[in-house]
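In case you want the letters, here they are:
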Amino acid sequence: MHVASLSRLRVEESETESYQAELDKIISYMDILTSVDTANTPPTTYALPMENVFRDDVPKESLSRELALSNAPDEEDGYFKVPRVLEES
Amino acid sequence: MQYEAVIGLEIHSELKTNTKIFCGCKTTFGAEQNTHVCPVCLGLPGVLPSVNKKVVEFAIKAGLATNCKINEYSKFDRKNYYYPDLPKNWQTSQYDLPIAEHGFVEILVDGEKKKIGLTRIHMEEDAGKLVHSGTNIKDSASSNVDYNRTGVPLIEIVSEPDMRSAAEARAYMEKIKAILEYIDVSNCRMEEGNLRADINVSLRPVGEEKLGTRTEMKNINSFKALEDAINYEIERQTEVLEDGGKIVQETRTWDPARGVTLSMRSKEDAHDYRYMPEPDLPPIVTSKEEIEAYRKSLPELPDARRARLESEYGLSEYDATIITSSRDMAEYFDGVVATGADAKQAANWIMGDLSKNLNADSIAIKDSPVEAKRLGEMIGLIEKGTISGKIAKQVFAEMWKNPDPPEKIVKDKGLVQITDTKAIEGIVDEVIAKNQKAVEDYKNGNKKAIGALVGQVMKASKGKANPQTVNQLLAKKLEE
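Residues numbered from 1 in each chain as written. Chains lettered and ligands numbered in written order. Predicted model: local features only at pLDDT ≥ 70, side-chain atom pairs only at ≥ 80, totals over all residues. Heavy atoms only, no water.

### Topic: the pattern of salt bridges
The final tally for this structure, using the stated rule, is 49 salt bridges over all chains. A:Lys81 is the salt-bridge partner of A:Glu76, the closest N and O atoms lying 3.2 Å from each other. The class of A:Lys81 is partly exposed, set by a relative accessible area of 26%. Residues participating in the shared-partner salt-bridge network are B:Glu300, B:Arg305, B:Arg308, B:Glu312, B:Glu331 and B:Asp334. (Salt bridge = Lys/Arg side-chain N within 4 Å of Asp/Glu carboxyl O. Buried < 20%, exposed > 50% of the residue type's maximum accessible area, 1.4 Å probe, protein only.)

Written out as structure tokens, the structure is:
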């Protein structure tokens, strides 16, 4: 339930058991990886051999506001309008 | 029981780049809502961010200026959380390999020097701005979001929990601000949110090593709020503990109008953010040579400048600390001294009348109507004896409104000091004649009575008589 709430997924109490079983399967599948001997392999974060891909600090044209807001589910006075953001406490 | 406060700060500073950290949108403050946005900072699918080189340069400089070790291999990570101020549902930040780590700065509080440790400095993107429809965040049915600020580059400077009072926290934040100003990487305009702090406060019994449960207050953007919020929180936690209660680990907001902190939400643990390496941004590799080149490019920093003002001009540590606390003030001081004015006088005028007037009119020192050059000239007039220190206060007040050179103002207003002994002698005689009681007192051994007489002479001369001459003449005449 904690994972579901972090991911903003609505999970019914009745479904938790089956989800849990599925997630366990996925996680234990990943465990196969830990059986590989990596003693002589340096940790890898990136799949591509790239580094220092930089951009110069030069402004580019931004989107027009109409275009920026065109996909917004709701808008108001040039703002994106979103539902109340604090949880009930 | 006696408690000790343990305080740590996370300072967020917006960097003064032209463009955002991962896209070419402008960073200008105060633009119309949602006009500085593009597919990258709006988090639209399929976009590829790329790092602004200036951001890395500025972050490395900030690290070096705060005695940090620069990590030669650094990377970005995604910090996942759901809040509409970040449209991607994660903040691109740095987790385990920040650009800089293990630094310190020195602060001076009540004449005592103290080292405050820096855990780390990392680069990240700022979030958007929420405008709430209700009177505050808690009773708003909906919120409006402006994404102009989303993606503005930030460095987050995380301190060790080394501070023990609000005054120390303030001195620390002032030092960080000064350093960032000196190395010219942030505008540090606190009222625009360029520089803001998250404060962690906990209490523990004096002598105890173990840290108590902490609370966090976010987005404090003035020195006054910083001190007030910390003092309030120390008091609140003391009361809770003394009543046998427990501190809840939570985020609280500071309400400056009511002067209280209020509970906001329970703090999510670090693992809840499910950090993962940002696959779209390759790592940042900086060679030792590049780091050394950055180190060499740094200007004189506040501590070095303070030491120089002490040794070169004989300023006290306290004065030198205040003068160097902002780069603009230090530059102003240099400007005054460059005119040949005495350095101690310069410091006194800057910390006294100048600061008072600037504060009263809310003017930044670099926009001061009394420029460094004119203040220097005015101090020169005092040194030459053209005006007395007392009259100088009037001259200064006039200079505030009048752009003329001080010499002209002194002449036009007839404020030139009377040094002519004959003229002063006349006034002295008159005062002696009118104040027989003080004269008697003096002659009966109450030497302090001369003070009242000096005052009378100064008053009669409208402050223009040279006080030394007055003293000498009075003493001579009273001994006769």
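Having seen the model, we can carry on.
### Notes on the sheet that holds strand 16 (residues 276–277) of chain B
All names here are of chain B. If you walk across this open sheet you meet the 3 strands as 6-5-16, and the pairing is antiparallel. Looking at strand neighbours, the two that pair on one side only are strand 6 (90–93) and strand 16, the edges of this open sheet. Relative to strand 16, strand 5 (residues 77–80) is paired through 2 bridges, and the arrangement is antiparallel. Among the inter-strand pairings, Arg-78 is bridged to a residue of strand 16, identified as Met-276. (Pairing = 2+ DSSP bridges. Helix = DSSP H or I, 4+ residues; strand = E, 2+ residues; numbered from the N terminus.)

### What to know about the packing of aromatic side chains
Residue and element names in this part refer to chain B. Across all of its chains, the model carries 9 aromatic pairs over all chains by this definition. On the numbers, 3.9 Å between centres and 10 degrees between planes, the contact of Tyr-95 with Tyr-275 is stacked. Note that Tyr-95 is positioned in the loop between strand 6 and strand 7 (100–109) and Tyr-275 in the loop between strand 15 (260–266) and strand 16, a separation of 180 residues in sequence. Accessibility expressed as a relative area gives 38% for Tyr-95, which makes it partly exposed. Residue classification places Tyr-275 among the partly exposed positions, given a relative accessible area of 23%. (Phe/Tyr/Trp six-rings, centres within 6.5 Å; stacked < 30°, edge-to-face > 60°.)

### A few points about the packing of helix 2 (residues 166–182) of chain B against helix 5 (residues 302–313) of chain B
All names here are of chain B. At a minimum axis separation of 9 Å, helix 2 and helix 5 run at an interaxial angle of 95 degrees. Here helix 2 is positioned roughly perpendicular relative to helix 5, judged by the angle of their axes. Contact residues: helix 2 offers Lys-175, Ala-178, Ile-179 and Tyr-182, while helix 5 offers Pro-302, Asp-303 and Arg-305. A class-by-class count of the residues in the contact of helix 2 with helix 5 yields 4 nonpolar, no polar and 3 charged. (Axes fitted to C-alpha atoms, helices over the stretch in contact; angles between N-to-C directions. Parallel < 35°, antiparallel > 145°, perpendicular 65-115°, else oblique. Contact = heavy atoms within 4.5 Å. Nonpolar A, V, L, I, M, F, W, Y, C, P; charged D, E, K, R; others polar.)

### A few points about the side chain of B:Ser461
Residues and elements named next belong to chain B. Of note, Ser-461 is situated in the loop between helix 14 (449–460) and helix 15 (467–479). Looking at Ser-461, the relative accessible area reads 4%, which means it is buried. Setting aside residues no more than four positions away along its own chain, Ser-461 makes contact with Ile-418 and Ile-427.

### Some remarks on unusual backbone geometry
In this model, A:Asp77 sits at a positive phi of 50 degrees, which is unusual for a non-glycine residue. Among the secondary structure elements, A:Asp77 is positioned in the loop between strand 2 (75–76) and strand 3 (79–83). Positive phi is not limited to glycine here, since B:Asn34 has a value of about 55 degrees. Considering the arrangement of structural elements, one finds B:Asn34 in the loop between strand 1 (3–14) and strand 2 (51–52).

### What about the pairing of strand 6 of chain B?
Residues and elements named next belong to chain B. Along strand 6, one buried face is formed by Trp-90 and Thr-92 and the opposite face, lined by Gln-91 and Ser-93, is buried too. Two elements, strand 5 and strand 6, share 4 bridges in a ladder whose sense is antiparallel. Directly across from Lys-79, in strand 6, lies its bridge partner Gln-91.

### Some words on the interface of chain B and chain A
The partner chain A presents 33 residues to the 55 residues of chain B that form the contact. Surface buried jointly by chain B and chain A totals about 3800 Å² across both partners, of which 56% is contributed by carbon and sulfur atoms. Considering only the surface of chain B that becomes buried against chain A, B:Gln33, B:Tyr82 and B:Asn144 emerge as the three largest contributors, covering 14% of it. On inspection of chain B and its partner chain A, the count reaches 1 salt bridge. Note that B:Glu32 is salt-bridged to A:Arg65, the shortest N-O span being 3.4 Å. (Buried area = accessible area lost by both parts, 1.4 Å probe.)

### Quick word on a negative patch on the surface
Residues B:Glu235, B:Glu239, B:Glu242 and B:Asp243 make up a contiguous surface patch of negative charge. Mapped onto the elements of the fold, B:Glu242 is located in helix 3 (residues 223–242). (Patch = residues over 30% accessible without salt bridge, like charges linked within 9 Å, V, L, I, M, F, W, Y side chains within 5 Å. Areas by Shrake-Rupley, 256 points an atom, 1.4 Å probe, with all protein chains shown as cover. Lys, Arg positive; Asp, Glu negative; His and termini not counted. Charge placed at Lys NZ, Arg CZ, Asp CG, Glu CD.)

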